[in-house]
Amino acid sequence: MPMRAVETGLPQVSQNELQAMAYTDPLTGLGNRYRMRDKVRLLAAERAEDPAPFAIGIVNLDGFKPINDLFGADAGDEILCQVAHRLKACVPEGAYVTRHDGDEFAFVLPLVFERSGAERLGQTIRDVLSAPYDLGDRNVRLSASFGFAIYPFAGDRFEDLVKSAETALYRSKRRGRGQITVYSREIAEEMKRATQLEQALRNAIINDQVEVYFQPIVNLQNDTVLGFEALARWNDPDLGFVSPAVFVPLAEERGFIDALSEALLRKAAEAALSWPRDLFLSFNLSSAQLMDPATANNVLSIVNLVGLDPKRLELEITETAVMGCADTAQRIIAELRQAGVHIALDDFGTGQSSLGRLRDFTFDKVKVDRAFVSRIATDRTSEEIVKAIISMCDGLGLEVVAEGIETMREATKLKQLGCGMGQGYFYGKPADAAATVVCARRFYQDTGADLAMRAAL
Ligand code: C2E
Ligand code: MG
Ligand code: MG
């Protein structure tokens, strides 16, 4: 039937066209969320008699927003169109691609029945999306994170299935860039536990229930205490003791590491005020903090407020942290050192490109990881590695601390190798502020050997 002009003079749009518009993403021409919903419902209805599984997947581009902000919305749109094009070209026969939301796309996969199939497909798509995007005058690279959900295990209604895929995607995002997760009950449980832990930790911070313990660091050559490392301790009434190796990364992932770290540094600095003045306080900075340009200022204002001389403060950072955002980390370190704060490289020897880091960054101290120290008395290779680290640090003018010394044999060996400082259960386990002040005053005059003797009691 020929179309009649309406009275407004605009061409009339047919019912079909209207419907197509409502189901299409105008930027990429892909179907939208409603189209996906219909596809899933249709597929579920087809499989109602014989509930053969099928999968849906959601892919989210990592770090798309900063690129959009940096290069402008047109460049962002261009990337999204190129992503849509690549996705259509690489999904298997019978699969359907839609634009889910912003930088998120989705697939309906009638022939993917189980986890390994979804993971394989995720890997293929991840490779396809990782190739550079041509923006005319420049190329841009992006990674992508994936969440898959399999019908009917992860939900038999569209909304539930999407929610499961989103949970899986959220887990992928939490684990870093370019991850692939297929929803399962265990993953849902893991996410639930993490959320419970997060809530409890947020409350513990507000109610001032996260404590700081202190572990002595001794001079191995003359056996005196030089300072203490602050270690966070959290004992939740319901969850029991939770290790900082669990809750520190959680606070980083969920974006409240600043609040946690500030509370801990304040407490640690206040405690250090009651120690003899030449003992230092060593405090762990988390990797997320080294990506935040405000960190140096935050740290310095806390120590200034408390009244601790910044020269008595040492900050422990890890290689992974300095690798994350090298320029920012370098600036933070420079700013802190300028104020007199010392910087120690923690867990040395376990990360990547250790030697390169020593050249690129300015540190004062290196802490040799317990992994080497605990085998030093029994394993030649570990001994040689520690020897090499000590000699290298000597040449570079860096101090060395051996972490995790547990036995007299280890301590003796380290002394023989000329290691300057040590720390570990042999010299003292982490203790609360009250016990530490007693220890600091008493053992300040006493020696590390006395400490070791008392630690053994
Ligand atoms: P780290 O900074 O390398 O701290 C040393 C860890 O080794 C501590 O574990 C300490 O209790 C343990 N340790 C010390 N001596 C010995 C020993 O002789 N034998 C054994 N087996 N272990 C020993 P902890 O307190 O569980 O802390 C684990 C990690 O959590 C720390 O590793 C640090 O990376 C992080 N962490 C702890 N407190 C904080 C904090 O306040 N802020 C941040 N950002 N991270 C923290
Ligand atoms: Mg440390
Ligand atoms: Mg360490």
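## A short note on the overall build of the protein chain
The helix and strand tally for the protein chain stands at 18 helices and 16 strands. For 457 residues, the compact-globule estimate of 2.2 N^0.38 gives 23 Å, and the C-alpha radius of gyration of the protein chain, at 28 Å, exceeds that figure by more than 25%. The dimensions of the protein chain, computed from C-alpha atoms along their principal axes, are 100 × 50 × 45 Å. Burial statistics for the protein chain: of 457 residues in total, 47% are counted as buried. Intrachain contacts of the protein chain at a sequence separation of at least 6 include 68% that bridge at least 24 residues. Total accessible area on the protein chain stands at roughly 22,800 Å², and carbon and sulfur atoms take up 51% of it. Positive and negative charge centroids in the protein chain, built from 51 and 64 side chains respectively, lie 2 Å apart.

## Here's the deal with the coordination of the magnesium ion (ligand 2)
Donor atoms from the polypeptide that bind the magnesium ion (ligand 2) are Glu229 (OE), Asn284 (OD1), Glu316 (OE) and Asp346 (OD), placed at 2.0 to 2.3 Å. Mapped onto the sequence, the donors of the magnesium ion (ligand 2) take the spacing E-x54-N-x31-E-x29-D. A distance of 3.9 Å spans the gap from the magnesium ion (ligand 2) to the magnesium ion (ligand 3), which Asp346 bridges by coordinating each metal. Highlighted residues: Asn284 in strand β11 (residues 280–284) and Asp346 in strand β13 (residues 342–348), separated in sequence by 62 residues. We classify Asp346 as buried; its relative accessible area is 6%.

## Some remarks on the pairing of strand β2 (residues 96–101)
With five bridges connecting them, β2 and strand β3 (residues 104–109) associate as antiparallel partners. Among the inter-strand pairings, Val97 is bridged to a residue of β3, identified as Phe107. Here β2 folds back onto β3, and the loop between the two strands holds two residues, one of which, Gly102, carries a positive phi near 50°.

## Things to note about the domain arrangement of the protein chain
Partitioning the protein chain into domains gives domain 1 (15–183) and domain 2 (196–456). Each of domain 1 and domain 2 has a C-alpha centre, and these two points are 43 Å apart.

## A look at the environment of Glu399
One can find Glu399 in strand β15 (residues 399–402). The class of Glu399 is partly exposed, set by a relative accessible area of 40%. Sequence separation between Glu399 and Lys367 is 32 residues; the distance between their C-alpha atoms is 8.5 Å. Setting aside residues no more than four positions away along its own chain, Glu399 makes contact with Asp364, Lys365, Val366 and Met421.

## Observations concerning the side chain of Glu198
For Glu198, the position within the fold is in helix α7 (residues 185–206). Contacts of Glu198, omitting those with residues within four sequence positions, involve Leu250, Arg254 and Phe256.

## A short note on the pairing of strand β6 (residues 144–151)
Counted residue by residue, β6 has eight buried out of eight residues, so it is predominantly covered. What you see with β6 is no split at all: Ala144, Phe146, Phe148 and Ile150 on one side and Ser145, Gly147, Ala149 and Tyr151 on the other are buried throughout. Direction of pairing for strand β1 (residues 54–61) relative to β6: antiparallel, over a ladder of eight bridges. Across the sheet, residue Gly57 finds its bridge partner in β6, namely Phe148.

## Topic: the site of ligand 1
The full set close to ligand 1 counts 23 residues, and Arg233, Asn284, Asp346, Glu406 and Tyr425 are the nearest of them. Measuring from a nitrogen atom of ligand 1, one finds a side-chain N or O atom of Gln215 at 3.0 Å. Between ligand 1 and Asn284, the relevant distance is 2.9 Å, taken from an oxygen atom to a side-chain nitrogen or oxygen of the residue. Isolated, ligand 1 exposes 800 Å² of accessible area, and the fraction of that covered by the protein chains is 81%. Looking at the shell around ligand 1, the elements that each hand over two or more residues are β9 (224–236), α8 (244–253) and β13. With four residues, the single largest contributor to the shell around ligand 1 is β9. Among the residues making up the shell around ligand 1, the classes are represented as 10 nonpolar, five polar and eight charged.

## Section: the environment of Ala388
Tracing the backbone shows Ala388 in helix α15 (residues 380–396). With a relative accessible area of 43%, Ala388 lands in the partly exposed category. The spatial distance from the C-alpha of Ala388 to the C-alpha of Ile217 is 22 Å, given a sequence separation of 171 residues.

## With respect to the pattern of salt bridges
Side-chain pairing between opposite charges can occur once the charged atoms of the two side chains come close. Tallied over the full model, the rule gives 26 salt bridges. One salt bridge connects Glu159 with Arg157, and the closest N-O pair in it is separated by 3.6 Å. Overall, the relative accessible area of 37% leaves Glu159 in the partly exposed class. Exposure remark for Arg157: the relative accessible area of 47% places this residue in the partly exposed category.

## Concerning the packing of aromatic side chains
In the structure shown here, the tally under the stated rule is seven aromatic pairs. Where Trp234 meets Phe247, the ring centres are 5.7 Å apart and the plane angle is 90°; that geometry is what we call edge-to-face. Here Trp234 is found in strand β9, whereas its partner Phe247 is found in helix α8, with 13 residues between them in sequence. With respect to burial, Trp234 and Phe247 carry one shared label: buried. Clustering of aromatic rings is evident, with ring pairs tying together Phe107, Phe146 and Phe148. Just above the ring of Tyr425 sits the side chain of Lys429; from NZ or CZ to the centre is 4.8 Å.

Parameters at a glance
Residues numbered from 1 in each chain as written. Chains lettered and ligands numbered in written order. Predicted model: local features only at pLDDT ≥ 70, side-chain atom pairs only at ≥ 80, totals over all residues. Heavy atoms only, no water. Helix = DSSP H or I, 4+ residues; strand = E, 2+ residues; numbered from the N terminus. Rg over C-alpha atoms; globule rule 2.2 N^0.38 Å. Buried < 20%, exposed > 50% of the residue type's maximum accessible area, 1.4 Å probe, protein only. Contact = heavy atoms within 4.5 Å. Areas by Shrake-Rupley, 256 points an atom, 1.4 Å probe, with all protein chains shown as cover. Lys, Arg positive; Asp, Glu negative; His and termini not counted. Charge placed at Lys NZ, Arg CZ, Asp CG, Glu CD. Donors = N, O, S within 2.8 Å, 3.2 Å for Na, K, Ca; no water. Pairing = 2+ DSSP bridges. Domains from an automatic or database assignment. Near = heavy atom within 4 Å. Polar contact = N/O pair within 3.5 Å; in protein donor to acceptor, adjacent residues only side chain to side chain. Nonpolar A, V, L, I, M, F, W, Y, C, P; charged D, E, K, R; others polar. Salt bridge = Lys/Arg side-chain N within 4 Å of Asp/Glu carboxyl O. Phe/Tyr/Trp six-rings, centres within 6.5 Å; stacked < 30°, edge-to-face > 60°. Lys NZ or Arg CZ within 6 Å of the ring centre and 35° of its normal.

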